[in-house]
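This is what each chain is made of:
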Amino acid sequence: MMKLIKIILIAILSFQSVASIAKDGYKVQLKFTDIKDSSVLLAHYFGKPLPTIFKTDSAKIDKNGVAVMQGKDKILGGIYIIILGDKKTYFDILLNNGDDIAITITVKDLPLGLKFTNSPENSYFLEYSKFISVYGDKQIALQKELSKATKKSDSDIVIAKINNEVKVLTDYRNHFKAKYPQALLTKIFNSMDMPVIPEGKHYLADGKTVDSMYDYLYYKNHYWDGFDFTDDRLIHTPIYDARLEEFFKKLILPHEDSVIKEGNILLTKTKNSPELFKYTLWWLTHFAEESKIMGMDAVFVYLVENYYMKGRATWLTQEELQKYIEHAHKIAPNVIGNIAPEINLPDGNGKLQSLRKIDAKYTLVLFWSPDCGHCKMEVPKIDSMYKTYFKKKGVKIYAVSTYEDEKMWKDYIKENKLEEWTHVWDPKRESNFREDYNVYMTPVTYLLDDKKIIKGKKLDYINIAGLIEALEKNKKKEINK
């Protein structure tokens, strides 16, 4: 019993000793062999490659080529960047909280002119950098060889060489990961891994029909397998942004439901990793807000209502948060799938014309101005499509003039023979259509169905026809079910 107690006490004392040595912060001692009397910056990545860098520290390089960077506060580890005074020359290092490392640098030999002391991980990182340098040279040479191939047999030989080099790279990473499973570099390698689709034919449940979607679904469903969403250090690498770009722009159906579903999955995965969560929410919001894809505004509204307005964006000031909320409120009424806000404005004879009372299979709501150059190009094309195609499909046009010159408005309608449309205007600015439909430039179009549900928005004359065709096909499928 006494022997057991002694062992436990030794273990406790050993733990306390290690704990007392481990300190927050970092210390990086630099010794340059070929520069002096200059300056140096310590920065880190944030989700994407240069030039998106965040300064952490700076120091002077003395007459002996020595500089010391250090901090006492806890830091988030990752890939950090040492940037020289010219703001052009830099190299990467791995840095973790509590590190005390020394680096000897020969600038003329960068990025490989480095020697690390007291940092095994950086020594591994340097070896990998040397390997990648040689690997890159081989790939460039093979690509040149491939471009000169004149026969398929020659191309096949070169492609086989390229694939073999890729396998060598994969084997290198896998060997390292097996040898050092807890290393930061292993986490980085895992975050870069792409799914490898199992070879051979894959069948549906009947065992006979080849599953044509297998490769895509396997790749998509296993896309994030290697990424450790519990390790915030991965945000301080140039990897995450590129992975998000490929996933949401190439693998996910560009539809609001799909983006919301996959976005929620990632936000759940990152909920206990503040920096990854912050970047994920920012990326999804920016993607939805800037997207030219119809319907992505619904994603923006969803994110604001379910994350920003519920206190999840804790890094924002109240003023910044309010801007998101106000923008979401502006576009929420005209999100696809909602019933279109009512417009009840006078026509050229002063008679009120209600949008909701337009009896049509489809209603095209057009916001335009007779003095708008783009409108003068688009409106005649819409009218041509109306006469040759839209009218046959049961489309009626409800055109809202945003201009207040009555003569110019009526003259344009008459000169361009647009009398079949329902024309209205708001000379006294009594309507709220600009806010309800987010009309801050012209032309803007919305396509409504027979129940006045918004089916499309911000369409040009060609896209309107394509959307109607898609809606017609969907209706036929529903009927045939």
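Preceding this section is the structure that the text describes.
Residues numbered from 1 in each chain as written. Predicted model: local features only at pLDDT ≥ 70, side-chain atom pairs only at ≥ 80, totals over all residues. Heavy atoms only, no water.

Colleague: Help me understand the nonpolar core in this model?
Modeller: In summary, soluble globular proteins display a tendency toward joint burial of nonpolar side chains. Of all hydrophobic cores here, the largest spans 60 residues; its most connected members are Trp224, Tyr240, Phe248 and Tyr308. With 9 residues, helix α9 (residues 296–308) is the single largest residue contributor to this core. Once residues within four sequence positions are removed from consideration, Trp224 is found in contact with Phe229, Tyr240, Arg243, Leu244, Phe247 and Leu266. (Core = buried A, V, L, I, M, F, W, Y, C linked by side-chain atoms within 4.5 Å. Buried < 20%, exposed > 50% of the residue type's maximum accessible area, 1.4 Å probe, protein only. Helix = DSSP H or I, 4+ residues; strand = E, 2+ residues; numbered from the N terminus. Contact = heavy atoms within 4.5 Å.)

Colleague: What am I meant to see in the sheet that holds strand β3 (residues 53–61) here?
Modeller: Within a sheet, each strand pairs with its neighbour through backbone hydrogen bonds, oriented either parallel or antiparallel. In space, the 4 strands of this open sheet follow the order β3-β2-β5-β6, with antiparallel pairing throughout. Each edge of the sheet is formed by a strand with only one pairing partner; in this case those strands are β3 and β6 (90–95). Between one strand and the next, the sheet's axes are offset by a mean angle of 25 degrees, whatever the strand orientation. The pairing of strand β2 (residues 38–45) with strand β5 (residues 78–84) spans 5 bridges and is antiparallel. From the neighbouring strand, Val40 faces β5, where its bridge partner is Leu84. (Pairing = 2+ DSSP bridges. Axes fitted to C-alpha atoms, helices over the stretch in contact; angles between N-to-C directions.)

Colleague: Got a minute to help me understand unusual backbone geometry in this structure?
Modeller: Negative phi is the rule for most residues except glycine; trans is the rule for most peptide bonds. That bond from Leu110 to Pro111 is cis: its omega, 10 degrees, falls within 30 degrees of zero. Across the junction of Thr442 and Pro443, the peptide omega takes the value 0 degrees, indicating a cis bond. In this structure, Lys452 is a non-glycine residue whose phi angle is positive, near 65 degrees. Checked against the element boundaries, Lys452 lands in the loop between β14 (444–448) and β15 (454–457).

Colleague: Please clarify how the packing of helix α6 (residues 240–251) against helix α7 (residues 256–269) should be interpreted in this entry.
Modeller: In helix packing, the relevant descriptors are the interaxial angle and the interaxial distance, both defined with respect to the helix axes. Running from amino to carboxyl end, α6 crosses α7 at an angle of 150 degrees, the nearest separation of the two axes being 12 Å. Between α6 and α7, the angle is such that the two are roughly antiparallel. Handedness of the crossing formed by α6 with α7: right-handed. Of α7, the residues touching α6 (which contributes Tyr240, Leu244, Phe247 and Phe248) are Val259, Glu262, Gly263 and Leu266. Grouping the amino acids of the contact of α6 with α7 by side-chain chemistry returns 6 nonpolar, 1 polar and 1 charged. (Parallel < 35°, antiparallel > 145°, perpendicular 65-115°, else oblique. Left-handed = near helix turned anticlockwise from the far one by under 90°. Nonpolar A, V, L, I, M, F, W, Y, C, P; charged D, E, K, R; others polar.)

Colleague: Please clarify how the packing of α9 against helix α10 (residues 318–331) should be interpreted in this entry.
Modeller: Two numbers describe how α9 lies on α10: the axes approach to 9 Å, and their chain directions differ by 135 degrees. By the angle between their axes, α9 is oblique relative to α10. As α9 runs across α10, the sense of the crossing is left-handed. Within the contact between the two elements, α9 uses Asp297, Phe300, Val301, Val304 and Tyr308 and α10 uses Leu321, Tyr324, Ile325, His327, Ala328 and Ile331.

Colleague: Would you explain the pairing of β6 in this entry?
Modeller: Walk down a regular strand and you will see the side chains alternate between the two sheet faces. When β5 meets β6, the two strands line up antiparallel, connected through 6 bridges. The partner of Ile82 across the bridge, within β6, is Phe91.

Colleague: Help me out: how do you make sense of helix α4 (residues 184–192) in this one?
Modeller: Count 3.6 residues to each turn of an α-helix, and residues three or four apart come out pointing the same way. In terms of burial, α4 is largely enclosed, as 7 of its 9 residues are buried. Buried-residue contacts for α4 involve β5, β6, α2 (120–148), α3 (152–179) and α6.

Colleague: What am I meant to see in the side chain of Ser273 here?
Modeller: By the secondary structure assignment, Ser273 is in the loop between α7 and α8 (274–290). For Ser273, a relative accessible area of 1% gives the class buried. Here Phe229 takes part through its backbone oxygen, which lies 2.6 Å from a polar atom of the side chain of Ser273. Here Ser273 is in contact with Phe229, Thr230, Asp231 and Asp232, once residues within four sequence places are set aside. (Polar contact = N/O pair within 3.5 Å; in protein donor to acceptor, adjacent residues only side chain to side chain.)

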